[in-house]
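Inside the fold
What follows is each chain in one-letter form.
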Amino acid sequence: MSMKLPYASEMRELDRCAIEEYGIPGMVLMENAGLGTVLMLERELGPAANHFALILIGPGNNGGDGLVIGRHLLQRGCEPVFIFLVPPDKLEGDAATNLHIVQKLALPLHVLDSTTRVQIFPTLYQQMISRGKSCYAIIDSLLGTGLTREISGHMAELIQFINQETFATSIPRIAVDIPSGLHADNGRIQGTCIQADHTATYGCVKPGQLLQHGPELCGRLHLIDIGIPPAAVSSLQIQQEAVTEQDVSLSLAKIKRRTTSHKGSHGHLLVLAGSIGKTGAAILSVKGALRSGCGLVSLCCPQDLNPIFESQLVEAMTIPLPASRSAISMEDLPSIEEQLQGKKAIVISPGLGLAEVTARLVLHLYRTVQAPMVIDADGLNILAQHSDQLKAPPGPRIFTPHPGDMARILGVSAAKIQEDRIQAARSARLFFDHGAGMCTVILKGAGTVIVSTGGEAGVNTSGNPGMATGGMGDVLSGIIGALICQGLYPHEAARTAVYLHGRAADMLEKTIGTGYTATEVADTLPQIIKDLSN
């Protein structure tokens, strides 16, 4: 079963469904969440005995989870120190029930408000230290997935104190369900946010934990099963899911390498790329395709640049276009149409340039070619500049914009795109698709989003900041084309390619560190594909 990523509203519906339709009491879900968190803590941090834990309690069920955590830590010999940022008597429902249990255990409750301010926090810490105990963890159970407002006041002051104060940053910080201040749907920071070392998330991973600031602020993410029936998740038809190693391994299993295979068995890709000053983009795209197992790759390129490609791409075939001197021209359309014969996919635009003769060619091919087409960089900009000439494409199209490209396509700022990456990718798919059901959009960046033909969104779980260097997107376009040529459906090829691309970079980050190149990512692909295919 794929890893679904419910929005906050969908997570509330899952809770309601478990309680009302399956008869699982909310107290049971809360107990499972708290106990699961403590079991995770002991796995990660070691035994809790003879320590104390500072537990921050906020309103709602998140605060209730913190009370359960404190009770189970007490069972293990760890003294919970509860710090409420709301009056305890304001808790309701299951959280209030757990408060009554804690009160019967005669555990002290401390309230941080606009009068006591954050000074209460270091004071309690020092009191416990003076008794010869060390701090096991700071537990953030302040605010949950329902947060939509900006955090302010004494709660914001406390969060900033915990993030910056020397003694607090040396203690493991544990987020309950989600770091307080992180938007569950999109990964935005709502004013300020806890910087967690570990996050215990309940039932399902949330989209915001994989997007924007989410991965950094969550630290290590741990999924805790709290007892929501899988049937409830399936019935909700959640349209967001993570792209994981398991998903990609299943996709790669569909690509068969038989003993009778030959180069024609694994597809022939056509790449249209290159212009003066941008030959590297074309080279990287071809290398990405070859290193991903494509049987044959042909590159249509400007005639004057062919010697460069001939010397760099000894395993690919180059087709110098006679009327295209320094940039590919519409005048070479007959030659390109001839080369399209027998090709399973086409990659357009790595280093293509924005010349008018090139733009005319791209628009014509976009409107007429039935084969799957991957469009990147300059090709995207050409389409954005001539959006009034676009109509429903005759075949599958895969677009690979970064936030700047996407901003130009949708006519908004890059910052606006980053505010809700999933929705931006869905909007771009509609922009290009015109009801054809043919378009897949890959919004590159931290937490790459892949929106397929029906609007389903995949969020990638591989990759790292070392990929922020030139040429990475060119390699990706080649991988996508190669996987289509080997038989994967375009949307599946897109998801698989994005994960493989990031996974290759992860291996390089682990072995040599930041500073690896796009060429090295391409060269690492065979090992990654081998590992995941096994």
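Residues numbered from 1 in each chain as written. Predicted model: local features only at pLDDT ≥ 70, side-chain atom pairs only at ≥ 80, totals over all residues. Heavy atoms only, no water.

Sheet strands pair via backbone hydrogen bonds, and the direction of the pair is either parallel or antiparallel. The ten strands are arranged β8-β17-β16-β15-β14-β13-β12-β9-β10-β11 in an open sheet whose pairing can be described as mixed. Edge positions in the sheet fall to β8 (240-243) and β11 (317-321), since each has one partner strand and no second. Taking each pair of neighbouring strands and ignoring which way they run, the sheet shows an average axis angle of 20 degrees. Across four bridges, the pairing between strand β9 (residues 268-272) and strand β12 (residues 345-348) is parallel. Bridging across to β12, Val271 finds its partner in Val347. (Pairing = 2+ DSSP bridges. Helix = DSSP H or I, 4+ residues; strand = E, 2+ residues; numbered from the N terminus. Axes fitted to C-alpha atoms, helices over the stretch in contact; angles between N-to-C directions.)

Contact geometry of helix α19 (residues 472-485) with helix α21 (residues 518-533) gives a least axis separation of 8 Å together with a crossing angle of 30 degrees. Relative to α21, the element α19 is oriented roughly parallel. By crossing handedness, the relation of α19 to α21 is classed as right-handed. For the pair α19 and α21, the contacting residues are Met472, Val475 and Ile479 in the first and Ala518, Val521, Ala522 and Leu525 in the second. Along the lines of polarity and charge, the residues of the contact of α19 with α21 split into seven nonpolar, no polar and no charged. (Parallel < 35°, antiparallel > 145°, perpendicular 65-115°, else oblique. Left-handed = near helix turned anticlockwise from the far one by under 90°. Contact = heavy atoms within 4.5 Å. Nonpolar A, V, L, I, M, F, W, Y, C, P; charged D, E, K, R; others polar.)

One open sheet holds the seven strands; their spatial order is β3-β2-β1-β4-β5-β6-β7, and the pairing between them is parallel. Single-partner strands in this sheet number two, and they are β3 (109-111) and β7 (220-224). Neighbour to neighbour, the strand axes of the sheet diverge by 25 degrees on average, direction disregarded. For strand β6 (residues 198-202) and β7, the ladder comprises five bridges, and the chain directions are parallel. Considered in β7, the bridge of Thr201 is made with Leu223. Most of the contacts of helix α5 (residues 120-130) go to strand β1 (residues 51-57), to which it runs at about 165 degrees, and overall it touches β1, β2 (79-84), β3 and β4 (134-141).

In protein chemistry, a disulfide is the covalent bond that joins the sulfur atoms of two cysteines. Throughout the structure, instances matching the rule amount to zero disulfides. Cysteine Cys135 shares no disulfide, and the gap to the nearest cysteine sulfur, in Cys78, comes to 8.0 Å. What makes Cys135 buried here is its relative accessible area of 13%. (Disulfide = S-S within 2.5 Å. Buried < 20%, exposed > 50% of the residue type's maximum accessible area, 1.4 Å probe, protein only.)

What follows deals with the pattern of salt bridges. Inspection of the entire model under this criterion finds 21 salt bridges. As a salt-bridge pair, Glu13 and Arg16 come within 2.7 Å of each other at their nearest N and O atoms. Here the residue Glu13 and the residue Arg16 both occupy positions in helix α1 (residues 8-21), the gap between them amounting to three residues, near one helical turn. Residue class for Glu13 comes out partly exposed when judged on its relative accessible area of 31%. Where salt bridges share partners, they join Glu13, Arg16, Glu20 and Glu21 into one cluster. (Salt bridge = Lys/Arg side-chain N within 4 Å of Asp/Glu carboxyl O.)

As enumerated under the stated definition, the model contains five aromatic pairs in all. With a centroid separation of 5.0 Å and 85 degrees between ring planes, the pair formed by Phe431 and Phe432 is classed as edge-to-face. Counting every residue linked through ring pairs, the aromatic cluster contains Tyr366, Phe399, Phe431 and Phe432. Across the ring face of Tyr366, the terminal group of Arg397 is positioned such that the distance to the ring centre comes to 5.4 Å. (Phe/Tyr/Trp six-rings, centres within 6.5 Å; stacked < 30°, edge-to-face > 60°. Lys NZ or Arg CZ within 6 Å of the ring centre and 35° of its normal.)

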